[in-house]
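Chain and residue survey
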Amino acid sequence: MVGVAALGFMIALEIAARHYGLPGPITNQVREVVFAPKSGGLLYASMALTLVVLPWRQRFVAVGAAVGIDAVIWLVRWAADIRITDGHPFGNGALWVILGCAVMAFTRRTGQDRVLLLKGVGLGLLLVVGRKTGDTWLLITSKTRPMVLDQYMATADHALGNLSWPMGRLVTASGPFGFGLLDFVYGQLAVAAVVVALYQLRNVATERRFPGHHLVRTFLVIGLLGPAVYMIFPVVGPVFAFGDGAEHWASVSVWAQDAPSSVQWAVGDLWPRTPPPIGAPQPMGFDGITPRNCMPSLHTAWAVTIFIHSRKGPRLIRFAGAFWLIATLTATLGFGYHYGADLVAGVVFVLTIEAALRAYDRGWDRSGIRLAAHGATVFAGLLVAYRFLPSEMARYPWIYGPLVLLAMISVIYGYVRTTTAWEPKPAPTPQLDPQPELA
């Protein structure tokens, strides 16, 4: 049933994309069997998720096959003088291996071994398909939401100090090195998630089963539910609505050199030098290209997910999770992609989803229902306040700023307190009776 629902959802997105004259997620994924993939690193990360169900010897064979296939495809392109202008020159081999595992599950495996291998294939393909469906969702938001609510967000963000503006100046001053480091962290968030997930799933091959709850579940649910909020609350971000768009980074980023300026759609060229003035916000029209993907900040939500699930790992995993969270928050604000209010909503959003998934696994007791309902209520309250109370938030920042932060902290505190109580208690150490005869 889940597979049929996912296929139906992808077909619907494919039809929607075709309506706007662009290929959908199914077409884009099929193309990557032969053509240069958009993200070769993501395909290899997806293959790693699939291989958690295999023993080490078969993992080495699969990795070798993927690298060999990529080498052959590269040689063919070189011999035919085919130049890669968009995408990565590697990654096709990883996708071939994932599909090969699916074929092997149906032809060479039976019973529980077949089910386990198909689960591994499904897990790997879900990550890849999630990326493609996300790209299509962004296209749909830009085509179906011509009006954006950035003026409301910028006005409400006065209560939090308009954090994107000082962070934007800081990242600009850091030059190519600072921008490049943050851009790498920002762009490879899914790969970082896979590293933590691989640690969580390290025993699948020996135990012959997946754990009840792991990072990939939360990661995919965030990507599924988040774009629905984009449609309700379309926002493009301060660098677009109050600046010149990606052209701002042309001097420090290779990929942004040819990015067209969007300043003609903006309120003015204010970001990151001058915070927007407090006024009466109103919806504003924007181009049909820029995604309306700010509310909530899903990059923040995903980074918080990585941080949460890395807490039970070894020191290196915990350090990496904390680093990725801090760097992602810095990038989302410093690149001008998000307002501070987006980040607060993203934290509440992910903790609500994480609480709901854990409560579902436990059987929806009173504490789980209360925690999920509290998070959903706070998230809805934030959206209502950003939309209908932005001017009041800007005029009284010392009241509304602490209230917004306290609302987020209440969800964090409730999550930590409730989930800590859910953790299994260690068994007491048995006390042995003294045995005089052993003296």
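Higher on the page you've got the structure.
Now for a quick tour of the structure.

Cut-offs applied
- Residues numbered from 1 in each chain as written.
- Predicted model: local features only at pLDDT ≥ 70, side-chain atom pairs only at ≥ 80, totals over all residues.
- Heavy atoms only, no water.
- Salt bridge = Lys/Arg side-chain N within 4 Å of Asp/Glu carboxyl O.
- Buried < 20%, exposed > 50% of the residue type's maximum accessible area, 1.4 Å probe, protein only.
- Helix = DSSP H or I, 4+ residues; strand = E, 2+ residues; numbered from the N terminus.

Concerning the pattern of salt bridges
For the structure on display, the rule yields 13 salt bridges. For Asp81, the salt bridge is made with Arg83, and the minimal N-O distance between the two is 3.9 Å. You can call Arg83 exposed: its relative accessible area is 67%. A salt bridge links Lys312 to Glu423, with the shortest nitrogen-to-oxygen separation between them at 2.9 Å. Of this pair, Lys312 sits in the loop between helix H13 (298-310) and helix H14 (315-334) while Glu423 is found in the segment after helix H18 (397-422), placing the two residues 111 residues apart along the sequence.

Observations concerning unusual backbone geometry
Put simply, Trp271 and Pro272 share a cis peptide bond, and its omega is 0°. Residue position: Pro272 is located in the loop between helix H12 (238-241) and strand S2 (284-285). With an omega of -5°, the peptide bond running from Met295 to Pro296 counts as cis. In this fold, Pro296 is placed in the loop between S2 and H13. In this structure, Arg208 takes a positive phi of about 60° despite not being glycine. Looking at where Arg208 falls in the secondary structure, it is placed in the loop between helix H10 (204-207) and helix H11 (215-232). Overall, the relative accessible area of 30% leaves Arg208 in the partly exposed class. Phi is positive for Trp364, which is not a glycine, with a value near 50°. Looking at where Trp364 falls in the secondary structure, it is placed in the loop between helix H15 (340-362) and helix H16 (366-388). Residue class for Trp364 comes out partly exposed when judged on its relative accessible area of 39%.

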